[in-house]
Amino acid sequence: EIAEALVNVYRPDAFINKPYWKKLKEQLHRILTEARLKSQATQSKPDHVWLHTAEGQRVKINRASIICIVQDAVHPRCKRIYSVSDTEGILCQLNWKEAEDILAEGGIDFFVTNKRQSIICREFLKEVDGSYAYLQHVPFKVEVVKEYLKAFYGWAGIKRSNGI
């Protein structure tokens, strides 16, 4: 008999009665599949994020479509977020910590190419030429500062033979 406290306190997802090994062998695949699905459901990350633009509007952006986040040249306190759906960029009032958190919370693989200049996402990395990264869907290149170059090549999976 299964103890009443076990069911009420711990709330197990699966029960295996005697003969244990035989039933475990028969039900293991089903139990693991259910556990995997339950784990994915509880760990799902939000796909979209609401941002306030510099003009005061609220905009919904899909995190997975963010190509890069760069410092705006005209408004130094604002960041411009380039995405697949908005290649002109959305001007937002964010600090760098908030920008990194947006990507990290969505499970996006990103790299800070310059401490106060830009963040790029791996999924949209098209080409690397020296210290410049070329991204899909945007007409400009992003410079990687010399201090971060070795870490960038490791992150991008590029092997350099010239001592970098």
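Let us look at the structure shown here. Computed from a prediction, not measured in an experiment: that's the story for all the values here.

## Brief notes about the pairing of strand E6 (residues 110-114)
Both faces of the sheet carry side chains from a regular strand, because those side chains alternate between them.
Thinking step 1. As paired elements, E6 and strand E7 (residues 118-121) share four bridges and run antiparallel to each other. Across the sheet, the residue bridging to Asn-114 is Ser-118, located in E7.
Thinking step 2. Turn length for the E6-E7 hairpin, with the two strands adjacent in sequence and antiparallel, is three residues.

## Quick word on the sheet that holds E6
Thinking step 1. Strand order in this open sheet of five strands is E5-E4-E3-E7-E6, and the pairing throughout is antiparallel. Lying at the two open borders of the sheet, with one neighbouring strand each, are strand E5 (90-92) and E6. Pairwise comparison of adjacent strand axes, ignoring direction, gives a mean angle of 25° for this sheet.
Thinking step 2. Contacting strand E3 (66-71), strand E4 (79-83), E6 and E7, helix H3 (residues 96-105) crosses the sheet at an angle of about 175° to E3.

## Topic: the pattern of salt bridges
Thinking step 1. Applying the stated criterion to the full structure yields five salt bridges.
Thinking step 2. The salt bridge involving Arg-30 is made with Glu-34; its shortest N-O contact spans 3.2 Å. A residue pair is termed a helical-turn pair when its members lie 3 or 4 positions apart in one helix, as Arg-30 and Glu-34 do in helix H2 (residues 20-42) at four residues.
Thinking step 3. The class of Glu-34 is partly exposed, set by a relative accessible area of 38%.
Thinking step 4. A salt bridge links Lys-97 to Asp-101, with the nearest nitrogen and oxygen atoms 3.0 Å apart. Of this pair, Lys-97 and Asp-101 both sit in helix H3, separated by four residues, roughly a single helical turn.

## Considering helix H4 (residues 149-156)
Thinking step 1. Within the span of H4, buried status applies to Leu-149, Phe-152, Tyr-153 and Trp-155. The arc that holds every buried residue of H4, seen down its axis, measures 160°, which confines them to one face. H4 presents Lys-150 and Gly-154 as exposed residues on the side facing more than 90 degrees away from its buried surface.
Thinking step 2. Against E6, E7, strand E8 (125-129) and strand E9 (132-135) lie the buried residues of H4.
Thinking step 3. With its phi angle positive at about 80°, Gly-157 sits one or two positions after the end of H4.

## Re the pairing of strand E1 (residues 48-52)
Thinking step 1. What you see with E1 is a clean split: Val-49 and Leu-51 sit on the buried side and His-48, Trp-50 and His-52 on the side with no burial.
Thinking step 2. Turn length for the E1-strand E2 (residues 58-62) hairpin, with the two strands adjacent in sequence and antiparallel, is five residues, and the turn residue Gly-56 shows positive phi of about 95°.

## Considering unusual backbone geometry
Thinking step 1. Its identity as a non-glycine residue notwithstanding, His-137 has a phi of 70°, on the positive side.
Thinking step 2. Mapped onto the elements, His-137 comes out in the loop between E9 and strand E10 (141-143).

## Remarks on the layout of surface pockets
Regions of empty space are outlined by a rolling probe, equal in size to a water molecule, passed over the atoms.
Thinking step 1. Within this model, the largest pocket holds a volume of roughly 170 Å³.
Thinking step 2. If you trace the largest pocket, you find 13 residues lining it, with Val-70, Gln-71, Gln-117, Ser-118 and Phe-140 closest to the centre.
Thinking step 3. At the level of elements, E3, E4 and E10 are the ones that each hand at least two residues to the lining of the largest pocket.
Thinking step 4. By residue number, the principal contributor to the lining of the largest pocket is E10, which donates three residues.

## Regarding the environment of Asp-109
Thinking step 1. Looking at where Asp-109 falls in the secondary structure, it is placed in the loop between H3 and E6.
Thinking step 2. Given a relative accessible area of 36%, Asp-109 falls into the partly exposed group.
Thinking step 3. Along the chain, Asp-109 and Ile-120 lie 11 residues apart, while their C-alpha atoms are 8.7 Å from each other.
Thinking step 4. With near-sequence residues (within four places) excluded, Asp-109 lies in contact with Ile-120, Cys-121, Arg-122 and Trp-155.
Thinking step 5. Engagement of the side chain of Asp-109 in a polar contact is seen with the side chain of Arg-122, the distance being 2.5 Å.

So, how was this worked out
- Residues numbered from 1 in each chain as written.
- Predicted model: local features only at pLDDT ≥ 70, side-chain atom pairs only at ≥ 80, totals over all residues.
- Heavy atoms only, no water.
- Pairing = 2+ DSSP bridges.
- Helix = DSSP H or I, 4+ residues; strand = E, 2+ residues; numbered from the N terminus.
- Axes fitted to C-alpha atoms, helices over the stretch in contact; angles between N-to-C directions.
- Contact = heavy atoms within 4.5 Å.
- Salt bridge = Lys/Arg side-chain N within 4 Å of Asp/Glu carboxyl O.
- Buried < 20%, exposed > 50% of the residue type's maximum accessible area, 1.4 Å probe, protein only.
- Arc of directions from axis to C-beta.
- 1 Å grid on protein atoms, 1.4 Å probe; cavity = no way out; pocket = protein on both sides within 12 Å on 5 of 7 lines; lining within 4 Å.
- Points joined across faces, edges and corners; volume = space filled by probe spheres on them.
- Polar contact = N/O pair within 3.5 Å; in protein donor to acceptor, adjacent residues only side chain to side chain.

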